[in-house]
Amino acid sequence: MSNKIKCIILFTAFYSNVIAQSGKISGLIIDAETYKPLSNVEIMVNNTSFKSKTNDKGEFIINNISEGSYELVIYKENFKVIKKLITLKNNQLKFDLIMEDNIINLPELLIESFSLINGEIGKREIIGSAHNISAKELTKFNYTNIHEILSKIPGVNLQEEDGYGLRPNIGLRGTGLERSSKITIMEDGILMAPAPYSSPSAYYFPTIGRMNSIEILKGSSQIKFGPLTTGGAINFISTPIPEKLKGSVKLIGGTDNFRNFHGHIGTSHNNLGIMIEGFNYGSNGFKKLKNNESTGFDKKDYNLKIKYKSSNASSIYHEIILSIGETKENSNETYLGLSDEDFNKNPYLRYHGSQIDNMKAKQKRMSLKNYIEFNNGLNISTSIYKNNFQRNWYKLQSVIDNNGNTFGISSLFKNDANEAFNIVKGTINSNEESVIVRANNRSYLSKGIQSVINKSFQNNNTKHHISLSTRYHYDEVDRFQWEDKYQMLNGTMHLNKKGTPGSNSNKIQYSKALASYINYKIEMTKLILSLGLRHEHIKGHGDDYGKSDAERKGADLSSRENIINSLIPGIGLLYKINSSSNTFLGIHKGFSPPGDKPEINPEKSINYEIGFRTKSIRLNGEIVGYVSYYSNLLGSDLSATGGSGTNELYNAGKAIVKGIEISVNYNLFNNSDKLQIPIYINYTLTDATFKENFESSFDAWSGEIMTGYKIPYISKHQFNLGLNFKSNSLSFDVNYSFKSNVRTKPGIEMDNTTELIKGFGVINTALNYNINKNISFHLAAKNIINKVYSVSRRPAGLRPGLPRTFTAGIKCDF
């Protein structure tokens, strides 16, 4: 072979090799929440030495790579890891990617066992209205009151009670708000109400200040979670275990000796991870007793998490997470409000009759999550959980006037109760044993095991997702109550006679529930169809030992039982208009457990919704219309609503709730690196009325209920407006929240001030300054114009909202 031919062959081989190595992969990576470019994102080509990192514009390039198929691993701390299969052809490939916060610091599929909506990207493809309140949003105002947080979310109905959110009253889409008993409340995907089936009234509520994010889900998709499926579900996602040694300490102080401490530290090494956390907040209270005794509270919360995971090289991925926590509360809270006259004179007064009212509560929780992921698209998540809650709310129950007439606290403001009312005010003395204080002593247990199996596969351009889940749950409430008798002398209460424990209420109620759920979701290029079916088998049982059998030997035992089987279907459809917008509609059955009384039926409704959502670099919006037709609405006899406190459920007949939810977020200067000014507007229209005539013996609804009467404590109009000025190191937020007039009892007339809470608006502001990347300063003012307003008339008189309050503090991350 001649030298000329050899040179040609060598040159051809060299040139071919150069061509093969001259391929280029490039792209743009942006933040799912802000739609802004992400810098310092690592892009690695698996099993090769090729890698790159995004610049300040979110761009990356990988040069000199051969054609072929590869797996890219895209990583940025505190964001979800993305693994993307690509094929490089014609020596060039360009694509854009969206990364979102890793709110839980877990593998993508395992997040589904903690989360309702799977983050910002998952929210966009949820069939139904979904909202995610991120850690960034929670830290703006350093919220500890759940009402202040949820007031920004359309479709959420709220009734404040104590000004600090200790006893939340939350409804979704016109469901009852009483003690949040008509919505499903979870923490990390686990039921958190003290007894979700037997007694769902939430006298325990997750401590908001220690949460990493909050999810709110409404519509047909929420039937997966149950047992309450009409309005929706709220899930609180706790602080995650960090990937490396990391911690934070926050100290805040404020008006009325408000104090807040939050600290956590954790790390992960190889297969193990651990995190410990402490949270404490309290106040001396903004209401005033004439003897200057504290009307405040103190609440402590501790949490421990430990995890073990298999190595990433394992053919089967396996992870276990143990979570243990405890919450303690000591609060001098009361159900006793004020008369209209006294409220107008001094809205922050507390009557002498409430001077020893006190709640002591303790909750212990434990959960163990086990997750297995196989290579064939199958994963199994199983959780075992147990929650214990004990509380004793020692508070004024009734007063006997000097003529021997007894008045419950909800009757003190009637004309014939003038003498009893003056005893409570401390302006006159009472006879001995005339001021009755009840020890509302109750213990709760909630435990169970739940398992979810997910399988995904793809045929051509169609993705299929099958989910099967089951949960066996047991809960109980043990009421062991008594009443002590006092005398009011010169404004001070003196104990005359201690009651015998169990002599007021002595009964146990329990529920055993087996819930199953199946969902089949088909995802095409433009269309997503979801079909779901839930089944609830519930056995509710009650044992009442009477008032003279403290040892529970059964001499006066009366028992009852109610067994329910219910199918709860749901169907949803989502159409992708383009890459940033979609529309959806859904139909599902609403359900609430009926308790242990055989003559009580489950709450049932048929719910419809239709909505549109869009997300772009500057605009994020959603509008939803819905209607719920109740064939049987359930009411509950709670002391909190002015009832006698038996907690009995009762049938309230037909009702209809319809409404519109609008949420718009727009960033005025999102393209600027130095300044951003996002604004948001949220509006809720709710029309909730009875559709059946009936006679109610329930104290809070006493009297004749007529078709067209408004359901109490649901505002027709709710409006929330916010503005944020944000630079590199400084952020200033202002928020205005408004609620229109509400009736306090069923009826139509909106001008009767004795059955009305007037509409009100509150302005909150917050300033956050980053001194450096690890230290930040916080200053906030709640109700900055010091608006005086009432939030409730139940159970006993007008109760004020929080007056102007300042807080300031510092946060150190390390």
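Placed above this text is the structure.
Residues numbered from 1 in each chain as written. Predicted model: local features only at pLDDT ≥ 70, side-chain atom pairs only at ≥ 80, totals over all residues. Heavy atoms only, no water.

Participant: What is the right way to look at the overall build of the chain in this model?
Facilitator: Helix and strand counts for the chain stand at 7 helices and 46 strands. In terms of C-alpha radius of gyration, the chain reaches 29 Å, essentially the compact-globule figure of 28 Å for 814 residues. A buried classification covers 56% of the 814 residues belonging to the chain. For the chain, contacts bridging at least 24 residues in sequence account for 65% of all contacts bridging at least 6. When the accessible surface of the chain is summed, it comes to about 33700 Å², and 55% of that surface belongs to carbon and sulfur atoms. Charged side chains of the chain number 96 positive and 76 negative; the gap between the two group centres comes to 6 Å. (Helix = DSSP H or I, 4+ residues; strand = E, 2+ residues; numbered from the N terminus. Rg over C-alpha atoms; globule rule 2.2 N^0.38 Å. Buried < 20%, exposed > 50% of the residue type's maximum accessible area, 1.4 Å probe, protein only. Contact = heavy atoms within 4.5 Å. Areas by Shrake-Rupley, 256 points an atom, 1.4 Å probe, with all protein chains shown as cover. Lys, Arg positive; Asp, Glu negative; His and termini not counted. Charge placed at Lys NZ, Arg CZ, Asp CG, Glu CD.)

Participant: Sorry, what's going on with the nonpolar core here?
Facilitator: Judged by nonpolar contacts, the single largest core of 77 residues is most densely connected at Ile 146, Leu 150, Ile 170, Ile 214, Ile 234 and Phe 236. If one sorts the elements of this core by residue count, strand β21 (residues 378-400) sits on top with 6 residues. Discounting chain neighbours no more than four positions away, the residues touching Ile 214 are His 131, Asn 132, Ile 133, Leu 138, Ile 146, Ile 149, Ile 208, Ile 234, Asn 235 and Phe 236. Ranked by size, the runner-up nonpolar core spans 19 residues in total, among them Ile 29, Val 45, Ile 62 and Ile 74. (Core = buried A, V, L, I, M, F, W, Y, C linked by side-chain atoms within 4.5 Å.)

Participant: What am I meant to see in the sheet that holds strand β14 (residues 232-238) here?
Facilitator: Sheet strands pair by backbone hydrogen bonding; their relative direction is either parallel or antiparallel. Ordered by their spatial adjacency, 5 strands build an open sheet running β8-β13-β14-β11-β12, and the pairing between neighbours is mixed. What marks the edges here is a single partner per strand, and that holds for β8 (130-133) and β12 (190-191). Where strand β11 (residues 184-187) and β14 come together, 4 bridges link them in parallel fashion. Bridge pairing in β14 links Met 186 to Asn 235. (Pairing = 2+ DSSP bridges.)

Participant: I'm lost on the packing of aromatic side chains in this one. Help?
Facilitator: The geometry of two aromatic rings is summed up by the distance between their centres and the angle between their planes. Across all of its chains, the model carries 18 aromatic pairs by this definition. Between Phe 205 and Phe 236, the aromatic rings sit 5.4 Å apart at their centres with planes inclined by 80°, giving edge-to-face as the arrangement. Here Phe 205 is found in the loop between β12 and β13 (211-218), whereas its partner Phe 236 is found in strand β14, with 31 residues between them in sequence. Of the residues examined, Phe 205 reaches a relative accessible area of 4% and is grouped as buried. Between Phe 389 and Tyr 444, the ring centres sit 5.6 Å apart and the planes meet at 35°, which makes this aromatic pair tilted. Taken together, the residues Phe 389 in strand β21 and Tyr 444 in strand β23 (residues 435-459) connect sequence positions 55 residues apart. The class of Phe 389 is buried, set by a relative accessible area of 4%. An aromatic cluster is defined as three or more aromatic residues linked by ring pairs; in this entry it consists of Tyr 164, Phe 279, Tyr 281, Phe 286, Phe 297 and Tyr 348. Taking the ring centre of Phe 95 as reference, the NZ or CZ of Lys 84 above it sits at 5.3 Å. (Phe/Tyr/Trp six-rings, centres within 6.5 Å; stacked < 30°, edge-to-face > 60°. Lys NZ or Arg CZ within 6 Å of the ring centre and 35° of its normal.)

Participant: Can you help me understand the pairing of strand β17 (residues 272-283) in this one?
Facilitator: Along any regular strand, the residues point their side chains to alternate faces of the sheet. For strand β16 (residues 258-269) and β17, the ladder comprises 11 bridges, and the chain directions are antiparallel. Note on β17: the bridge partner recorded for Gly 266 is Met 275. As defined by bridge partners, β17 adjoins strand β18 (residues 297-309) across 12 bridges and the pair is classed as antiparallel. The residue of β18 that forms the bridge with Tyr 281 is Lys 299.

Participant: Before we go on, may I ask you to explain the sheet that holds strand β6 (residues 82-88) in this structure?
Facilitator: If you walk across this open sheet you meet the 4 strands as β3-β2-β5-β6, and the pairing is antiparallel. Either end of the sheet is taken by a strand with one partner, and the two such strands are β3 (51-53) and β6. Along the sheet, successive strands turn relative to each other by an average axial angle of 25°, direction set aside. (Axes fitted to C-alpha atoms, helices over the stretch in contact; angles between N-to-C directions.)

Participant: Any chance you could explain helix α7 (residues 418-425) here in plain terms?
Facilitator: Two residues of an α-helix separated by three or four positions point the same way, owing to the 3.6 residues in each turn. Those residues of α7 lying buried are Ala 420, Phe 421, Asn 422, Ile 423 and Val 424. Where the residues of α7 are buried, they touch α6 (340-345), β21, β22 (406-408), β23 and β24 (462-489). Once α7 finishes, Gly 426 follows within two positions and takes phi at roughly 80°, a positive value.

Participant: What's the story with the side chain of Arg 124 in this structure? I'm lost.
Facilitator: Turning to its location among the elements, Arg 124 is positioned in helix α3 (residues 119-124). What makes Arg 124 buried here is its relative accessible area of 15%.

Participant: Explanation requested: unusual backbone geometry in the structure shown.
Facilitator: In terms of backbone geometry, most residues other than glycine have negative phi values and most peptide bonds are trans. Cis rather than trans, the peptide bond between Gly 226 and Pro 227 has omega equal to 10°. Among the structural elements, Pro 227 can be located in the loop between β13 and β14. In the segment running from Arg 794 into Pro 795, the intervening peptide bond is cis, with an omega of 5°. For Pro 795, the position within the fold is in the loop between β44 (790-792) and β45 (799-800). Located in the positive-phi region is Asn 460, a residue other than glycine, with phi close to 55°. Secondary-structure assignment places Asn 460 in the loop between β23 and β24. For Asn 460, a relative accessible area of 73% puts it in the exposed group. Even without being a glycine, Tyr 713 presents a positive backbone phi close to 65°.

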